[in-house]
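Structural overview
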Amino acid sequence: MKVLVTGGMGYIGSHTCVQMIEAGLEPIIVDNLCNSQQEVLKRIEVLTGKKPIFHLGDIRDEAFLGSVFNQYDIDAVIHFAGLKAVGESVEKPLEYYDNNVIGTLVLARSMRKAGVKSIVFSSSATVYGDPEVVPITEDSPTGATTNPYGRSKYMVEECLSDLFNAEPDWSITLLRYFNPVGAHPSGIMGEDPQGIPNNLMPFIAQVAVGRRDKLSVFGNDYPTPDGTGVRDYIHVMDLADGHIVALKAVGETAGLHIYNLGAGRGSSVLEMVDAFANACGNPVPYELCARRPGDIAECWASTEKAERDLGWKATRSVTEIAADTWNWQSKNPQGY
């Protein structure tokens, strides 16, 4: 089965490509490398023994996408390509809408021209906004998003839902991630953000390895057990497996399929700091700062639907998340 993987050189995409190859699928990667490295291809080959097909280009380039679809008999698409930092999206909303929304529309048009009508979309728990009730189920209200990143994901979900309503022979799967963290257990592959990390775990890892002085903890006055934000942290390997399971279970079945992919439990920022300190054997220096605009107090998933329909459940613990992240960062202190 040939699967076009947009953004396949990025953090989640690359780990998913490894698991796809292990599962006997053939990823064809498209990426503009705006937040990833060419070195990732070599790492995938080291881990799997196979070097995936890679095309350098942007999903907003319709001619480029058309040429890729014309070259291969593609069965389905997993769509990761997107800008993903909440804080940056507040500062650069137009760039986020252009890349995330326009990019997806160009991709969907290109798929329709090629007769490929199966897509798994990398969505986000941010579509739920600031939830009134946790854990969050797939039936929880969406749309009251708190930042442009979340709105861009919500807009794409609406666009794809409208496409399905108009053309019900499509299989459209919306996977709403919670907080992807961790690394391949080998330490060969992990998260390597460009510039200053926007997400918690890579920042903690860079502090622990000496690249940064201390972690800034944004907000310690939330209505949570220790005052810091509570999130659902899912190991990237569990997340990668979730895509493959979804593709095999519903990717060939017409419908609009929506699933939360999370650990199904919440952990605070300070809990994650403690777990990482245990993994690396040293305390992680941090300072308490004011809240960031767009952040919410707590958010974690109900994963019952994915478990029931797909037979998928996250199995890796916070301890494993911290250990695998440290294994990656200590072996690759400057990333790729």
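Please read all numbers here as calculations on a predicted model, not as lab measurements. (Residues numbered from 1 in each chain as written. Predicted model: local features only at pLDDT ≥ 70, side-chain atom pairs only at ≥ 80, totals over all residues. Heavy atoms only, no water.)

1. Regarding the sheet that holds strand E14 (residues 298–299)
Going by this rule: Pairing between strands requires that DSSP locate at least two bridges from one strand to the other. Helix numbers and strand numbers start at the N terminus; a helix is a DSSP run of H or I with at least 4 residues, a strand a run of E with at least 2.
One open sheet accounts for three strands, arranged E12-E9-E14; its pairing is mixed. Single-partner strands in this sheet number two, and they are strand E12 (267–268) and E14.

2. Concerning the pattern of salt bridges
Cut-off, in case you're wondering: By definition, a salt bridge exists where a carboxyl oxygen of Asp or Glu is found within 4 Å of a side-chain nitrogen of Lys or Arg. Buried residues are those whose accessible area, probed at 1.4 Å on protein chains only, stays under 20% of the maximum for their type, while exposed residues exceed 50% and partly exposed ones sit between those limits.
Per the counting criterion, the structure on display carries 19 salt bridges. Between lysine 117 and glutamate 167 there is a salt bridge whose closest N-O contact spans 3.8 Å. Separated by 50 residues along the polypeptide, lysine 117 in the loop between helix H5 (93–114) and strand E5 (118–124) and glutamate 167 in the loop between helix H6 (148–166) and strand E6 (171–177) bring together distant segments of the chain. Judged by relative accessible area, glutamate 167 falls into the buried class, the value being 18%. Where aspartate 169 meets lysine 117, a salt bridge forms, and the shortest distance between an N and an O atom there is 3.0 Å.

3. With respect to the domain arrangement of the protein chain
The line we're drawing: Residue ranges assigned to the domains are those given by an automatic or database domain assignment. Here's the idea: put two parts together, see how much 1.4 Å probe accessible area each one loses, and the total over both is what we call buried area.
Structurally, the protein chain comprises domain 1 (2–181 + 233–261) and domain 2 (183–231 + 264–331). Taken together, both faces of the contact between domain 1 and domain 2 bury some 3,700 Å²; the carbon and sulfur share is 65%. Summed over the shared surface of domain 1 and domain 2, the result is three salt bridges. Between aspartate 238 and arginine 316 there is a salt bridge, and its shortest N-O distance comes to 2.4 Å.

4. Considering empty space enclosed by the protein
Cut-off, in case you're wondering: A cavity here means a set of 1 Å grid points, computed over protein atoms only, where a 1.4 Å probe fits but cannot escape. A pocket is an open set with protein on both sides within 12 Å along at least 5 of 7 lines, and lining residues have an atom within 4 Å of a point. Grid points are joined across faces, edges and corners, and a volume is the space filled by probe spheres set on the points. Gly falls in the polar group here, along with every residue not listed as nonpolar (Ala, Val, Leu, Ile, Met, Phe, Trp, Tyr, Cys, Pro) or charged (Asp, Glu, Lys, Arg).
Overall, the coordinates contain two cavities of 30 Å³ or more when judged by the stated rule. Quantified by volume, the largest cavity comes out at close to 50 Å³. Together, Tyr11, Gly182, Glu191, Met201, Pro202, Ala205, Thr325, Trp328 and Gln329 line the largest cavity. Where the lining of the largest cavity is concerned, the elements lending two or more residues are helix H7 (200–208) and helix H11 (318–331). Its residues assigned to classes, the lining of the largest cavity comprises five nonpolar, three polar and one charged.

5. Digging into the packing of aromatic side chains
To keep it simple, the criterion reads: Only the six-membered ring of Trp is used, alongside the rings of Phe and Tyr, when aromatic pairs are assigned; centres must lie within 6.5 Å, and planes under 30 degrees apart are stacked while those over 60 apart are edge-to-face, with the rest tilted. Should the NZ of a Lys or the CZ of an Arg lie within 6 Å of a ring centre and within 35 degrees of the ring normal, that charge is described as sitting over the ring.
The final tally for this structure, using the stated rule, is two aromatic pairs. On the basis of an interplanar angle of 55° and a centroid distance of 4.9 Å, the ring pair of tryptophan 328 and tyrosine 336 is categorised as tilted. Relative accessible area serves as the criterion here: at 23%, tyrosine 336 is assigned to the partly exposed category. The ring of phenylalanine 203 carries the charged tip of arginine 212 above its face, separated from the ring centre by 5.8 Å.

6. Here we look at the sheet that holds E6
Put simply, the test is: Here an angle of 0 to 180 degrees is reported between the N-to-C directions of two axes, which are lines fitted to C-alpha atoms, with helices fitted over the stretch in contact. Residue contacts are defined here by distance: any two heavy atoms, one from each residue, within 4.5 Å place the two residues in contact.
On the basis of which strands lie adjacent, the open sheet formed by seven strands has the order E3-E2-E1-E4-E5-E6-E11 and parallel pairing. Looking at which strands have only one partner, the edges of the open sheet turn out to be strand E3 (53–56) and strand E11 (255–261). When the angles between neighbouring strand axes are averaged without regard to direction, this sheet yields 20°. Strand direction decides the pairing type here: E6 and E11, joined by seven bridges, are parallel. If you follow arginine 176 over to E11, its bridge partner there is asparagine 260. Across the face of the sheet, H6 comes into contact with E5, E6 and E11 while running at roughly 155° to E5. Contacts from helix H8 (residues 236–250) reach strand E1 (2–6), strand E4 (76–79), E5, E6 and E11, with the element oriented near 160° to E6.

7. Focus: the environment of tyrosine 154
In this fold, tyrosine 154 is placed in helix H6. Those residues within four positions of tyrosine 154 in sequence are excluded, and the remaining contacts are Val127, Thr142, Gly143 and Thr145.

8. Side note on the packing of H7 against helix H9 (residues 269–280)
Between two packed helices, both the angle of their axes relative to each other and the distance between the axes serve to describe the pair. Applied cut-off: Should an angle fall under 35 degrees it is taken as roughly parallel, and over 145 as roughly antiparallel, whereas 65 to 115 is taken as roughly perpendicular and any remaining angle as oblique. In a left-handed crossing the near helix is turned counterclockwise from the far helix by less than a right angle, and in a right-handed crossing that turn is clockwise.
The N-to-C vectors of H7 and H9 enclose an angle of 40°; their axes lie 11 Å apart at closest approach. Here H7 is positioned oblique relative to H9, judged by the angle of their axes. Like other packed secondary-structure pairs, H7 and H9 cross with a definite hand, here right-handed. Contacts between H7 and H9 pair Leu200, Met201, Ile204, Ala205 and Ala208 from the former with Val269, Met272, Val273, Phe276 and Cys280 from the latter. Its residues assigned to classes, the contact of H7 with H9 shows ten nonpolar, no polar and no charged.

9. Looking at the side chain of arginine 231
Selection criterion: The charge count includes Lys and Arg as positive and Asp and Glu as negative, but it does not include His or the ends of the chains. For the purposes of these results, a polar contact is taken to be a pair of N or O atoms within 3.5 Å, where, inside protein, one atom must be able to donate a hydrogen and its partner to accept one; residues adjacent in sequence count only when each atom of the pair is a side-chain atom.
Among the structural elements, arginine 231 can be located in strand E9 (residues 230–231). No salt bridge forms around the buried arginine 231; measuring N to O, its nearest opposite-charge neighbour aspartate 295 is 4.5 Å away. Only 3.2 Å separates the side chain of arginine 231 from the backbone oxygen of alanine 297, close enough to count as a polar contact. Excluding its chain neighbours within four sequence positions, the residues that come into contact with arginine 231 are Asn179, Arg265, Gly266, Ser267, Asp295, Ile296, Ala297, Glu298 and Cys299.

10. Some remarks on the pairing of E3
Within a regular strand, side chains alternate between the sheet's two faces. This is how it is decided: Note on handedness: a clockwise path from strand one over the helix to strand two, with the strands aimed away from the viewer, defines a right-handed crossover.
One ladder, built from four bridges, connects strand E2 (residues 26–31) with E3; its direction is parallel. Across the sheet, the residue bridging to isoleucine 29 is phenylalanine 54, located in E3. For the crossover that starts at E2, traverses helix H2 (residues 39–48) and ends in the parallel E3, the hand is right-handed.

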